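As a plain string of letters, each chain reads:
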Amino acid sequence: MIESAKLHLQELGIADRFELVCADIFDEQFLLPEQVDCVVLSYTITTFINNYNSLASLLKQCSKQLKPNGYLMVADFTWVDQPKDNFWAGMYTSTQHLVNGTHKEFAPFQFFIDRAPDCPFDIFHIPSYLMFKAGRECGFKNITYKEQYPNPDYKNDPVVRRYFDQCDPEDYLIKFKFN
């Protein structure tokens, strides 16, 4: 993955602005060579965090990598019922583990892409309020939440509108700061 990222950065002509590091974020001894302005977790947390303690540990480890005025940016999503009927760009979700029509915290679900229906992604349901709770426990005092929204050029596209209007997704962007 590091090599792929390096190649992509080189293609963009910006590789000299990045230092790519492969490490275990759960190693409590891990520290970057120097603290950074921003840590970004984009659609990754829900793919491997399956309990609250792991979530809090992950955010704590990320907070240790930040400069005092730095921030952690999380973009992720929760379970929504996306039917298989060509609903949203060929993507759909399973309805297993539903309790009274919704998922319990950290309940697993499967996310499918119609081009690879035999290779579902295992995802964990992490509502944004759990991100807030874990962030506060890690010392973040300023937490900003923003629902994700469509590109303005496509906000009225029928497929995009169907997704937002019928699924009512909680795809979110959360910015965590110490002050």
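In the block above lies the structure referred to throughout.
A brief structural summary. (Residues numbered from 1 in each chain as written. Predicted model: local features only at pLDDT ≥ 70, side-chain atom pairs only at ≥ 80, totals over all residues. Heavy atoms only, no water.)

### Digging into the overall build of the protein
Basically, it comes down to this: For helices the rule is a DSSP run of H or I covering at least 4 residues; for strands it is a run of E covering at least 2, with both sets numbered from the N terminus onward. Partly exposed residues are those whose accessible area sits between 20% and 50% of the maximum for their type, while under 20% is buried and over 50% is exposed, using a 1.4 Å probe and protein chains only. Two residues form a contact once any of their heavy atoms are found within 4.5 Å. Working definition of accessibility: Shrake-Rupley area with a 1.4 Å probe, residue cover restricted to the visible protein chains. Note on charges: Lys and Arg go in the positive column, Asp and Glu in the negative column, and His and the chain ends are not counted at all. The atoms used to mark charge sites are NZ of Lys, CZ of Arg, CG of Asp and CD of Glu.
Check the secondary structure of the protein and you find 5 helices and 9 strands. Listed N to C, the secondary structure of the protein is α-β-α-α-β-β-β-β-β-β-α-β-α-β in terms of helices and strands. Taken along its principal axes, the extent of the C-alpha atoms in the protein is 50 × 40 × 35 Å. Considering the protein as a whole, with its 179 residues, one finds that 36% of them fall into the buried category. Excluding contacts between residues fewer than 6 apart, the proportion of contacts in the protein whose partners are at least 24 apart in sequence is 66%. When the accessible surface of the protein is summed, it comes to about 11,100 Å², and 52% of that surface belongs to carbon and sulfur atoms. The averaged location of the 24 negative side-chain charges in the protein is 7 Å from the averaged location of its 17 positive side-chain charges.

### Considering the nonpolar core
Test applied: The definition of a nonpolar core used throughout is a set of buried Ala, Val, Leu, Ile, Met, Phe, Trp, Tyr and Cys residues joined through side-chain atoms within 4.5 Å.
With 25 residues, the main nonpolar core has Ile45, Leu55, Leu72, Ile126, Met131 and Phe176 as its most contacted residues. Secondary structure elements with two or more residues in this core: strand S1 (36-42), helix H3 (52-64), strand S2 (66-76), helix H4 (128-137) and strand S9 (172-177). Per element, the largest residue contribution to this core is 6 residues, and it comes from H3. In terms of nonpolar packing, the next biggest core, distinct from the first, is built from 6 residues, Trp79, Met91, Phe109 and Phe111 among them.

### Examining the layout of surface pockets
To keep things clear, this is the line we draw: The distinction between a cavity and a pocket rests on a 1 Å grid over the protein atoms alone: a 1.4 Å probe fits inside a cavity but cannot get out, while a pocket stays open yet meets protein on both sides within 12 Å along at least five of seven lines, and a residue with an atom within 4 Å of a point counts as lining. Grid points are joined across faces, edges and corners, and a volume is the space filled by probe spheres set on the points. Under the convention adopted here, Pro, Cys and the residues Ala, Val, Leu, Ile, Met, Phe, Trp and Tyr are nonpolar, Asp, Glu, Lys and Arg are charged, and Gly plus all remaining residues are polar.
Quantified by volume, the largest pocket comes out at close to 1,400 Å³. Lining the largest pocket are 32 residues, with Glu19, Leu20, Val21, Val39 and Val40 positioned closest to its centre. The set of elements that each furnish at least two residues to the lining of the largest pocket consists of helix H1 (2-12), S1, helix H2 (45-48) and H3. When residues in the lining of the largest pocket are grouped by element, the largest group, 7 residues, is from S1. Of the residues that constitute the lining of the largest pocket, the class distribution is 21 nonpolar, 5 polar and 6 charged. Approximately 310 Å³ is the volume attributed to the second largest pocket.

### Thoughts on the pairing of S2
Regular strands place side chains that alternate from one sheet face to the opposite one. Operational definition: The criterion for strand pairing is that DSSP finds at least two bridges linking the strands in question.
In this sheet, S2 lies alongside S1 in parallel orientation, the contact comprising 6 bridges. Across the sheet, cysteine 38 pairs through a bridge with tyrosine 71, a residue of S2. As defined by bridge partners, S2 adjoins S9 across 6 bridges and the pair is classed as antiparallel. Of the residues in S9, the one forming a bridge with valine 74 is isoleucine 174.

### As for the sheet that holds strand S3 (residues 91-93)
Two pairing modes exist for strands in a sheet, parallel and antiparallel, and in both the strands are linked by backbone hydrogen bonds. Worth spelling out the cut-off: Axis lines are fitted through C-alpha atoms, for helices just across the contact stretch, and the angle between N-to-C directions can take any value from 0 to 180 degrees.
Taking strand neighbours across the sheet as the criterion, the 3 strands line up as S3-S6-S7 in an open arrangement whose pairing is antiparallel. Each edge of the open sheet is held by one strand with a lone partner, namely S3 and strand S7 (121-124). Averaged over neighbouring strand pairs, the angle between their axes works out to 30° when direction is ignored. Looking at chain direction, strand S6 (residues 108-113) and S7 are connected through 4 bridges and run antiparallel. Looking at the pairing, glutamine 110 lines up with aspartate 122 of S7.

### Side note on the environment of proline 83
By the element assignment, proline 83 lies in the loop between S2 and S3. On the basis of relative accessible area, proline 83 is assigned to the partly exposed category, the value being 31%. It is 9.4 Å that separates the C-alpha atoms of proline 83 and cysteine 167, two residues lying 84 residues apart in sequence. If near-sequence neighbours (up to four positions away) are discounted, proline 83 is found in contact with Met91 and Tyr92.

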